[in-house]
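Each chain, letter by letter, is given below.
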Amino acid sequence: GENVEQHPSTLSVQEGDSAVIKCTYSDSASNYFPWYKQELGKRPQLIIDIRSNVGEKKDQRIAVTLNKTAKHFSLHITETQPEDSAVYFCAAEDYDGLTFGKGTHLIIQP
Amino acid sequence: EPEVTQTPSHQVTQMGQEVILRCVPISNHLYFYWYRQILGQKVEFLVSFYNNEISEKSEIFDDQFSVERPDGSNFTLKIRSTKLEDSAMYFCASSEALSGNTIYFGEGSWLTVV
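Source: prediction; values computed, not measured.

### Here's the deal with the state of the cysteines
Using the criterion set out here, one finds two disulfides over all chains in the structure. A sulfur-sulfur distance of 1.9 Å marks the disulfide that ties Cys23(A) to Cys90(A). Looking along the S-S bond of the Cys23(A)-Cys90(A) disulfide, the torsion reads about -100 degrees, which is the left-handed sense. Within this pair, whereas Cys23(A) is found in strand β3 (residues 19-25), its partner Cys90(A) is found in strand β9 (residues 86-94), the two being separated by 67 residues in sequence. Paired by a disulfide, Cys23(B) and Cys92(B) hold their sulfur atoms 1.9 Å apart. An S-S torsion of about -65 degrees defines the bridge between Cys23(B) and Cys92(B) as left-handed. Taken together, the positions of Cys23(B) in strand β3 (residues 19-24) and Cys92(B) in strand β9 (residues 88-95) put the pair 69 residues apart, joining distant regions of the chain. No difference in accessibility class separates Cys23(B) from Cys92(B), as the two residues are buried.

What follows is the structure, given as structure tokens:
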């Protein structure tokens, strides 16, 4: 089955700076890679996703890049704001559904 | 915006008791899922369900677990003879299709086994 590794586990950045979270996956058949944001005690919410036929996707301050050859994908958040503080999970989809990374706790320092 | 809804939001149960967690997926979705998140850990896939049968299940989803769609709207997860290690947040989710479609999560049911 799929194995997703996510780094770092905790990331602290100054407000206004950029944050980058990286994930790798093992199953070359995976072709859908969503990113979820989870605030404390709440449901995971999709913030951006990318399919294997594209290498990059951007939505305002959030972007995701995918390198299928290397089997890694990254989340980029620019101009970070206090409300970006949360746990972010990457995921890869194979036949078993979504396999999640272990999460990155993003802390935005004022 | 349509949402996946779950009940109860929180349940405390004695070890060995049976628990049923309920979910109402988004109405036009065809694929339903249960995921589990132990406190402070990642979200883990349990089972997917389509056309009134299980599509896939993980190693976690053993004989203690079962799912059912008893009517046209509800989707349930039953845990028989609960163990302490079953304490977790259980998320129901649904999607329009299986591959490459957004999976929408419910708010979760927090299960505490004592």
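### A few points about the sheet that holds strand β8 (residues 75-79) of chain B
Residues and elements named next belong to chain B. Read across the sheet, four strands follow the order β1-β3-β8-β7 without closing on themselves; strand pairing throughout is antiparallel. In this open sheet, the two strands that pair with only one neighbour each are β1 (5-7) and β7 (65-68). Along the sheet, successive strands turn relative to each other by an average axial angle of 20 degrees, direction set aside. The sheet contact formed by β3 and β8 spans five bridges and is antiparallel. Residue Cys23 lies in a different strand from β8, and its bridge partner there is Phe75.

### A closer look at the layout of surface pockets
Roughly 450 Å³ of internal volume is contained in the largest pocket. Considering the residues around the largest pocket, the lining is formed by 21 residues, among which Gln38(A), Leu40(A), Val87(A), Gln37(B) and Gly40(B) are closest to the centre. Ranked by residue count, the leading element in the lining of the largest pocket is β9(A), at three residues. Within the lining of the largest pocket, the residues separate by chemical class into nine nonpolar, nine polar and three charged. Each pocket or cavity is described by its volume, and for the second largest pocket that value is around 310 Å³. At the level of elements, β10 (97-100) of chain A together with β5 (43-50) of chain B are the ones that each hand at least two residues to the lining of the second largest pocket. In terms of residue class, the lining of the second largest pocket is built from five nonpolar, four polar and seven charged.

### Thoughts on the sheet that holds strand β7 (residues 62-67) of chain A
Residue and element names in this part refer to chain A. Taken together, the five strands give an open sheet; going across it, the order is β1-β3-β8-β7-β6, and neighbouring strands pair in antiparallel fashion. Of all the strands in the sheet, the pair left with one neighbour each is β1 (4-7) and β6 (56-59). The mean inter-strand angle of the sheet, taken between neighbouring strand axes irrespective of direction, is 15 degrees. Of the strand pairs in this sheet, β3 and strand β8 (residues 72-77) are connected by six bridges, and their pairing is antiparallel. Looking at the pairing, Cys23 lines up with Phe73 of β8.

Rules behind the numbers
- Residues numbered from 1 in each chain as written.
- Chains lettered and ligands numbered in written order.
- Predicted model: local features only at pLDDT ≥ 70, side-chain atom pairs only at ≥ 80, totals over all residues.
- Heavy atoms only, no water.
- Disulfide = S-S within 2.5 Å.
- Helix = DSSP H or I, 4+ residues; strand = E, 2+ residues; numbered from the N terminus.
- Buried < 20%, exposed > 50% of the residue type's maximum accessible area, 1.4 Å probe, protein only.
- Pairing = 2+ DSSP bridges.
- Axes fitted to C-alpha atoms, helices over the stretch in contact; angles between N-to-C directions.
- 1 Å grid on protein atoms, 1.4 Å probe; cavity = no way out; pocket = protein on both sides within 12 Å on 5 of 7 lines; lining within 4 Å.
- Points joined across faces, edges and corners; volume = space filled by probe spheres on them.
- Nonpolar A, V, L, I, M, F, W, Y, C, P; charged D, E, K, R; others polar.

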